[in-house]
Amino acid sequence: MIINFLKKTVSFSILIVVIITSLQILITFRIKDKTVFGHDNWDTTSNIDADIVLLGSSRCWMHLDPGFFNKKFNLKTVNIGMNGHSKINSIQLRLENYLMKNKSPKFVIFSFDPFIEPYFNKSDSNLINKDKYSRFAFMPTKENEALVEYFKFNNAEKYIPLYAIFKYKLLGDCVTLNNSNLFPEGFGMNDEVWNTTKSPVNDELKKYYFTDNEASILKKQLYNLNEFCKKKEIKIICIQTPVYKVLYDKKKFQQTISICESNNIEVIDANYEIIRNNSINFYNTNHLNKKGVNEMNKLLKNEQKLINFLK
């Protein structure tokens, strides 16, 4: 009797493992080469071989329109801004991942402004949107291993089928893919009109500007990023895009320009006064909406530095 019970228990356990593994395989196949949330595009930006890569945090993802560069300069462009992640190590990690899956671009346009943060050691991480990126946790590809390490996914999440899917409540999103087409323009275009009740007008985000002590660290880390790009035969230019007027700090935005110039990196100050002074161009204090992006592009198309750089 005991032997029969053990046999049934083992058989049942094997059946459960087979079912769970099969479901994980089906889900993996379902989301392969697709996004689940729109900005988890690490695999959908494979084999693009763009001429221009747009690089940075959410202020890249929300502000820099690849369609504008495609049309204006006739150069294939991809936006790989990483929403919620403004440290240079995470930004370079995203670029390195892209380069493992594509030919090197001719140009990188880096959204570099006072919100960019230095990092202090290789283990620096930011767990914002970790749940969204957990779709990469199970049995990560060689190209995505660094991403999985950055988000500090544990061995259970990496090797137990469905564990990460259920832990981060992704099953419904992975099955339906209802949010996979949130950003059909290839960047975080936002049509919202600023709801000042939801996002009050204040200058609280100034506390996230890098400090004067961090500026020297950023200078060195920007230099390292530039050297990395040079080795890949990529030319880099920096750009700082508008914030609403309550956030504008002339000294701080001039400091980012100085950091770039000290590294002999071209920089474009697109924090145009005519845009930053009008709330209709924003959906919160530090992000442009669609109208703001379009207004910025009207001015960018005549920026001689950009024109010369992309020749």
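Residues numbered from 1 in each chain as written. Predicted model: local features only at pLDDT ≥ 70, side-chain atom pairs only at ≥ 80, totals over all residues. Heavy atoms only, no water.

Asker: Help me get a handle on the overall build of the protein chain, residues and values and all.
Answerer: Helix and strand counts for the protein chain stand at 14 helices and seven strands. Once local pairs closer than 6 in sequence are excluded, the contacts in the protein chain between residues at least 24 apart make up 78%. As displayed, the protein chain has an accessible area near 15,900 Å², and 55% of this comes from carbon and sulfur atoms. (Helix = DSSP H or I, 4+ residues; strand = E, 2+ residues; numbered from the N terminus. Contact = heavy atoms within 4.5 Å. Areas by Shrake-Rupley, 256 points an atom, 1.4 Å probe, with all protein chains shown as cover.)

Asker: Describe a nonpolar patch on the surface, with residues and values.
Answerer: Nonpolar side chains collect at one region of the surface, where Leu15, Ile16, Ile19, Leu23 and Leu26 lie side by side and expose about 430 Å² of accessible area between them. Taking relative accessible area as the criterion, Leu15 reaches 46% and is therefore assigned partly exposed. (Patch = residues over 30% accessible without salt bridge, like charges linked within 9 Å, V, L, I, M, F, W, Y side chains within 5 Å. Salt bridge = Lys/Arg side-chain N within 4 Å of Asp/Glu carboxyl O. Buried < 20%, exposed > 50% of the residue type's maximum accessible area, 1.4 Å probe, protein only.)

Asker: Outline the pairing of strand 1 (residues 52–55), supporting the account with residue identities and numerical values.
Answerer: Of the two faces of strand 1, the one carrying Ile52 and Leu54 and the one carrying Val53 and Leu55 are both buried. Alignment of strand 1 against strand 2 (residues 77–79), held across three bridges, turns out to be parallel. Bridging across to strand 2, Ile52 finds its partner in Thr77. Sheet analysis places strand 1 next to strand 3 (residues 107–111), joined by four bridges and oriented parallel. By the bridge assignment, Leu54 is partnered in strand 3 with Ile109. (Pairing = 2+ DSSP bridges.)

Asker: Summarise unusual backbone geometry; cite the residues concerned and give the values.
Answerer: Glycine aside, negative phi is the norm for most residues, and most peptide bonds take the trans geometry. Not every positive phi belongs to a glycine, and Asp33 is a case in point at roughly 60 degrees. In this fold, Asp33 is placed in the loop between helix 1 (2–31) and strand 1. Positive phi values are uncommon outside glycine, yet Lys152 reaches one of about 60 degrees.

Asker: Tell me about the sheet that holds strand 5 (residues 267–269), and please be specific about residues and values.
Answerer: An order of 2-1-3-4-5 is seen for the five strands of this open sheet, with the pairing classed as parallel. A strand with exactly one partner marks an edge of an open sheet, and here the two such strands are strand 2 and strand 5. Strand-to-strand twist in this sheet, taken as the mean axis angle between neighbours without regard to direction, amounts to 20 degrees. Strands in contact with helix 10 (residues 212–231) are strand 3 and strand 4 (235–240); relative to strand 4, the strand with the most contacts, it is inclined by about 140 degrees. (Axes fitted to C-alpha atoms, helices over the stretch in contact; angles between N-to-C directions.)

Asker: Describe the packing of helix 4 (residues 88–101) against helix 10, naming the residues involved and giving the relevant values.
Answerer: Running from N to C, helix 4 and helix 10 cross one another at 5 degrees; their axes reach a closest spacing of 11 Å. By the angle between their axes, helix 4 is roughly parallel relative to helix 10. Across the interface between the two elements, Ile88, Gln92, Leu95, Glu96 and Leu99 of helix 4 pack against Leu218, Gln221, Leu222, Leu225, Phe228 and Cys229 of helix 10. Partitioned by chemical class, the residues of the contact of helix 4 with helix 10 number eight nonpolar, two polar and one charged. (Parallel < 35°, antiparallel > 145°, perpendicular 65-115°, else oblique. Nonpolar A, V, L, I, M, F, W, Y, C, P; charged D, E, K, R; others polar.)

Asker: Summarise the pattern of salt bridges; cite the residues concerned and give the values.
Answerer: As enumerated under the stated definition, the model contains 10 salt bridges in all. Measuring nitrogen to oxygen at the nearest pair gives 2.9 Å for the salt bridge that ties Asp43 to Lys101. Placement of the pair is Asp43 in the loop between helix 1 and strand 1 and Lys101 in helix 4, with a sequence separation of 58 residues. Residues Asp43 and Lys101 agree in their burial class; the two are buried. Across the pair Glu295 and Lys298 runs a salt bridge, and its minimum N-O distance is 3.1 Å. Of this pair, Glu295 and Lys298 are both found in helix 13 (residues 290–300), three residues apart, which corresponds to roughly one turn of the helix. Residue classification places Lys298 among the partly exposed residues on the basis of a relative accessible area of 47%. Each of Lys291, Glu295 and Lys298 takes part in salt bridges that share partners, so that together they form one network.

Asker: An account of the packing of helix 10 against helix 11 (residues 250–262) is needed here, citing residue identities and associated values.
Answerer: Two elements in contact, helix 10 and helix 11, have axes whose closest approach is 9 Å; the angle formed by their N-to-C orientations is 30 degrees. In this structure, helix 10 crosses over helix 11, and the sense of that crossing is right-handed. Two secondary-structure elements touch here, helix 10 through Asp212, Ala215, Leu218, Lys219 and Leu222 and helix 11 through Lys251, Lys252, Gln255, Ile259, Cys260 and Ser262. For the contact of helix 10 with helix 11, the residue count by class is five nonpolar, two polar and four charged. (Left-handed = near helix turned anticlockwise from the far one by under 90°.)

Asker: Tell me about the packing of aromatic side chains, residues and numbers included.
Answerer: Ring pairs (aromatic) are described by centroid distance and by the angle formed between their planes. If you walk through the whole model with that rule in mind, you get 17 aromatic pairs. Taking the centre distance of 5.3 Å and the plane angle of 80 degrees together, the rings of Trp61 and Phe183 count as edge-to-face. In this pair, Trp61 sits in helix 2 (residues 58–61) while Phe183 sits in the loop between helix 9 (171–176) and helix 10, placing the two residues 122 residues apart along the sequence. Residue classification places Trp61 among the buried positions, given a relative accessible area of 2%. Taken together, a centroid distance of 6.0 Å and an interplanar angle of 90 degrees make the contact between Phe153 and Tyr168 edge-to-face. Here Phe153, found in the loop between helix 6 (145–150) and helix 7 (155–159), pairs with Tyr168, found in the loop between helix 8 (163–167) and helix 9; they are 15 residues apart in sequence, far enough to count as distant. By relative accessible area, Phe153 is classed as buried at 5%. (Phe/Tyr/Trp six-rings, centres within 6.5 Å; stacked < 30°, edge-to-face > 60°.)

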